[in-house]
Amino acid sequence: MSYDTDHVRNAGRNPERITGIQAFTDLVDNVALAGLYTSIRIRGTATGPELVDEAAVSKKTVYDYLRRLERVGLITEAGAENGATMYAAEDFEMTLTVRDVAVSITPVLVEVLSQRDEYSVIDRVLEEHGLLTFALAHDLVIAHNEGDITIRQIGDLTGLSSGMTYDLVDAIYAVRGFGEEPSSPETYTPDNVDSEQPDTDSTEE
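What this report covers is the structure whose coordinates are included nearby.

Procedures and definitions
Residues numbered from 1 in each chain as written. Predicted model: local features only at pLDDT ≥ 70, side-chain atom pairs only at ≥ 80, totals over all residues. Heavy atoms only, no water. Axes fitted to C-alpha atoms, helices over the stretch in contact; angles between N-to-C directions. Helix = DSSP H or I, 4+ residues; strand = E, 2+ residues; numbered from the N terminus. Parallel < 35°, antiparallel > 145°, perpendicular 65-115°, else oblique. Left-handed = near helix turned anticlockwise from the far one by under 90°. Nonpolar A, V, L, I, M, F, W, Y, C, P; charged D, E, K, R; others polar. Buried < 20%, exposed > 50% of the residue type's maximum accessible area, 1.4 Å probe, protein only. Expected span 1.5 Å × (residues − 1). Polar contact = N/O pair within 3.5 Å; in protein donor to acceptor, adjacent residues only side chain to side chain. Phe/Tyr/Trp six-rings, centres within 6.5 Å; stacked < 30°, edge-to-face > 60°. Pairing = 2+ DSSP bridges. Contact = heavy atoms within 4.5 Å. Core = buried A, V, L, I, M, F, W, Y, C linked by side-chain atoms within 4.5 Å.

### Concerning the packing of helix α6 (residues 120-145) against helix α8 (residues 162-176)
Orientation of α6 relative to α8, taken along the N-to-C sense of each, is 65 degrees, at an axis distance of 9 Å. Of the possible angle classes, the one that applies to α6 and α8 is roughly perpendicular. Crossing hand, α6 versus α8: right-handed. Residue composition of the contact of α6 with α8, grouped by class: 13 nonpolar, 4 polar and 4 charged.

### A look at the side chain of T47
Mapped onto the elements, T47 comes out in strand β2 (residues 46-47). On the basis of relative accessible area, T47 is assigned to the buried category, the value being 5%.

### Overview of unusual backbone geometry
Even without glycine at this site, N82 takes up a positive phi of about 55 degrees. With respect to the element layout, N82 can be found in the loop between β3 (75-81) and β4 (84-89). Residue class for N82 comes out exposed when judged on its relative accessible area of 80%.

### What about helix α2 (residues 31-43)?
Helical geometry note: an α-helix holds 3.6 residues per turn, so side chains three or four residues apart project in the same direction. End to end, α2 covers 18 Å across 13 residues, agreeing with the expected 18 Å (1.5 Å per residue, within 8%). Residues L33, A34, L36, Y37, T38, S39 and I40 constitute the buried set of α2. Two or three places before A32, at the opening of α2, N30 has a side-chain oxygen 3.1 Å from that residue's backbone nitrogen.

### Concerning the packing of aromatic side chains
Considering all chains together, one arrives at 2 aromatic pairs under this definition. Between the aromatic rings of Y37 and F92, the centroid separation amounts to 5.9 Å while the plane-to-plane angle is 50 degrees, which identifies the pairing as tilted. In this pair, Y37 is assigned in helix α2 and F92 in strand β5 (residues 92-98), connecting sequence segments 55 residues apart. Residues Y37 and F92 agree in their burial class; the two are buried. Their ring planes at 85 degrees and their centres at 5.2 Å tell us that Y173 and F178 sit as a pair that is edge-to-face.

### Quick word on the sheet that holds β2
An order of β2-β4-β3 is seen for the 3 strands of this open sheet, with the pairing classed as antiparallel. The open sheet has two edge strands, β2 and β3, and neither has a second partner. Its contacts with the sheet put α2 on β2, β3 and β4, and the angle it makes with β4 is roughly 90 degrees. Running over the sheet, helix α4 (residues 59-71) touches β3 and β4 and is turned about 120 degrees from β3.

### Here we look at the nonpolar core
Soluble globular proteins tend to pack their nonpolar side chains together in the buried interior. In this structure, Y37, I122, F134 and L168 are the most contacted members of the largest nonpolar core, which totals 54 residues. Broken down by element, this core gets its largest block of residues, 12 residues, from α6. Setting aside anything within four residues of it in sequence, one finds I122 in contact with V112, L113, Q115, R116, F134, L168 and A171.

By themselves, these are just geometric observations and shouldn't be taken as functional.
As structure tokens, this is what we get:
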């Protein structure tokens, strides 16, 4: 696996580089850290006390994580509120390339990864197939939500089993807030109707 560091960049107001591949490794591997970053990003800005109130880790850990995220450039100070520092999350994109297949690690993907304790299939895919396959599957689920690909094709392209593919699509739909049920027959595009059975066909392997 190669890390295309030319594409590791901030996409926010201040185009400073995020320092080090380790920053992304930490976000992928550490659910609490990913959740903290995601919480700041969703809020727009957040203070330490606000984050402590909702975090599943200790106060000390929250502030340790804030210092870590700030040190590598994933969050920045954005003023103060009631004497507490406000933090804002920096957007980013990192491209991973393996055998000419490129996928992107983005804040949206980190948000999905932060839910791996709630959706066990996320953890299973990461453990059994790796980050690249998960990131590819995430991109394909977005295409599925837009009606461009079928669930069967997601499984074929990622190498995931049928059951794992359905479970992962369900999980990503829930985390991303996609409205349509992923198992609905309407998710099949017209080009595939003649060659594939609807998702509800119980004989499909």
